[in-house]
Amino acid sequence: MTRTRRMPQWLPGLLLVSPSIVAIGVFVYGLIFWNTRVAVSGRHDEISPYRFDKGENFVDLWSQPSWPGAVRHALLFTAVFVGGALLLGWFLAFLMDKGIRWEGGFRAIYLFPMAVSFIASGVVWRWLMNPAPHERAVGFNQLLDKLGLGFVANDWWQNPRWGMAAMAIPAIWQMSGYVMALYLAGFRGVPEDLREAARVDGCSEWQVYRHIVFPQLRPVTLSALIILGHISLKVFDLIMAIAGKQIITYVPAIATYVEVFDRHDPANGATIATYLLLAVAVLVIPYLVWSVRADRR
């Protein structure tokens, strides 16, 4: 009993979380350190030594023909995916907030795609967005052809210019329900007293949403933007399931896989992974700083 009383109060808590601390230290920060070590080395094959190359890999990567295209594809995918998921999720949440019958059932339906892995949904969407025309058409092209809208049928993700915009459609379908849940929580978090006070002051229903409700959703929008942004930057399994390693859907995550496992160039693969880490940090770190300052206020 005396020994138990002498035990510091913080020790049980430390013992409880210590396995997680060790795991994070080894498998997150340890692997980040190892990846950075490989990225700044000259190990461009599996037998070369880890000699320091003064960061030349980060510059030389831009001279590779496929890398600038991969960056453009990632930016296009991110813009369409993030914008589409935010708009669709917000719209669905707005409809839910207005009050509909069987709301619980609709919430489950909208959230169900998130429970499906990107690999599984990618296999289905590969068939839906099959670019085969007319008599060989399947999926959306076949549906459009039967509706007499065959002229609208297109080559979807195989379009060299806008293929990545079509590739964002499955991702929007899969993540918009999650965004809806975030926005719906934001809508329901606005006190009804504020809405009633605005109505008493003569505001129309649209003015209530515009001046009272929507401004309250800025933190939700920021959180959703950060989550969707980092998902889009490191998207891999969805693209691999639909298009594989084709150059028209080449993105940094695919490039990392190709450099490490196909070309057996660990240094280039680690360099691309470091670029991805920096891109995600650009999104996440400002959000963390903003969150800490908001908590302090």
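Cut-offs and rules
Residues numbered from 1 in each chain as written. Predicted model: local features only at pLDDT ≥ 70, side-chain atom pairs only at ≥ 80, totals over all residues. Heavy atoms only, no water. Helix = DSSP H or I, 4+ residues; strand = E, 2+ residues; numbered from the N terminus. Polar contact = N/O pair within 3.5 Å; in protein donor to acceptor, adjacent residues only side chain to side chain. Contact = heavy atoms within 4.5 Å. Expected span 1.5 Å × (residues − 1). Bend = angle between axes of the 7 residues up to and from the residue. Buried < 20%, exposed > 50% of the residue type's maximum accessible area, 1.4 Å probe, protein only. Axes fitted to C-alpha atoms, helices over the stretch in contact; angles between N-to-C directions. Parallel < 35°, antiparallel > 145°, perpendicular 65-115°, else oblique. Left-handed = near helix turned anticlockwise from the far one by under 90°. Nonpolar A, V, L, I, M, F, W, Y, C, P; charged D, E, K, R; others polar. Phe/Tyr/Trp six-rings, centres within 6.5 Å; stacked < 30°, edge-to-face > 60°. Lys NZ or Arg CZ within 6 Å of the ring centre and 35° of its normal. Salt bridge = Lys/Arg side-chain N within 4 Å of Asp/Glu carboxyl O.

Engineer: So what exactly am I meant to see when it comes to the side chain of Asp-53 here?
Structural biologist: Relative to the helices and strands, Asp-53 is located in the loop between helix H2 (10-39) and helix H3 (56-60). Polar side-chain contacts of Asp-53 include one of 3.1 Å to the backbone nitrogen of Gly-55. There is a polar contact of 3.0 Å between the side chain of Asp-53 and the side chain of Asn-57. In contact with Asp-53, not counting residues within four places along its chain, are Ala-39, Val-40, Ser-41 and Gly-42.

Engineer: What's the story with helix H14 (residues 266-296) in this structure? I'm lost.
Structural biologist: Note on helix geometry: an α-helix contains 3.6 residues per turn, so any two residues three or four positions apart are oriented the same way. For H14, with 31 residues, the first-to-last C-alpha span of 43 Å sits near the 45 Å given by 1.5 Å per residue. Of all the bends in H14, the greatest, near 30°, is centred on Ala-281. Listing the buried residues of H14 in full gives Ala-267, Asn-268, Gly-269, Ala-270, Thr-271, Ile-272, Thr-274, Leu-276, Val-280 and Ser-291.

Engineer: I'm lost on the packing of helix H11 (residues 218-233) against H14 in this one. Help?
Structural biologist: The packing of two helices is summarised by the inter-axis angle and the distance between the axes. Between H11 and H14, the shortest axis-to-axis distance is 9 Å and the interhelical angle comes to 165°. With respect to H14, the axis of H11 lies roughly antiparallel. The interaxial crossing formed by H11 with H14 has left-handed handedness. Residues Pro-219, Leu-222, Ser-223, Ile-226, Gly-229, His-230 and Leu-233 of H11 lie in contact with H14, whose contacting residues are Leu-276, Ala-279, Val-280, Leu-283, Val-284, Tyr-287 and Trp-290. Taken together, the residues that form the contact of H11 with H14 break down as 11 nonpolar, three polar and no charged.

Engineer: Just to check I follow, could you spell out unusual backbone geometry for this structure?
Structural biologist: Peptide bonds are, in most cases, trans, and in most cases residues other than glycine have a negative phi. With a phi angle near 60°, Lys-54 is a residue other than glycine that sits in the positive phi range. Mapped onto the elements of the fold, Lys-54 is located in the loop between H2 and H3. Since its relative accessible area comes to 71%, Lys-54 is described here as exposed. For His-264, which is not a glycine, the phi torsion comes out positive at approximately 55°. On the secondary structure map, His-264 appears in the loop between helix H13 (252-262) and H14. Its relative accessible area of 37% is what places His-264 among the partly exposed residues.

Engineer: What should I look at first to understand the packing of aromatic side chains in this one?
Structural biologist: Aromatic rings in a pair are described by how distant their centres are and how their planes are angled relative to each other. Counted according to the given criterion, the structure contains 19 aromatic pairs. Centroid distance Phe-236 to Tyr-257: 5.7 Å. Interplanar angle 40°. Geometry classified as tilted. Separated by 21 residues along the polypeptide, Phe-236 in the loop between H11 and helix H12 (237-242) and Tyr-257 in helix H13 bring together distant segments of the chain. The class for Phe-236 is partly exposed, based on a relative accessible area of 26%. Relative accessible area serves as the criterion here: at 29%, Tyr-257 is assigned to the partly exposed category. In textbook terms, an aromatic cluster arises when at least three aromatic residues are bridged by ring pairs, as seen for Trp-90, Phe-94, Phe-187, Trp-206, Tyr-209 and Phe-214. We note Arg-37 situated over the ring of Tyr-50; from NZ or CZ to the ring centre the distance is 4.4 Å.

Engineer: Explain the pattern of salt bridges to me, please; I cannot follow it from the model alone.
Structural biologist: The final tally for this structure, using the stated rule, is seven salt bridges. Note that Asp-97 and Arg-188 form a salt bridge whose closest N and O atoms lie 3.6 Å from each other. Of this pair, Asp-97 sits in helix H4 (residues 66-98) while Arg-188 sits in helix H8 (residues 163-189); the two residues are 91 residues apart in sequence, bridging distant segments of the chain. What makes Asp-97 buried here is its relative accessible area of 13%. The closest approach of N and O atoms between Glu-205 and Arg-199, which form a salt bridge, is 3.1 Å. Residue Glu-205 is classed as partly exposed on the basis of its relative accessible area, which comes to 31%. Taken together, the shared-partner salt bridges connect Glu-192, Glu-196, Arg-199 and Glu-205 into one network.

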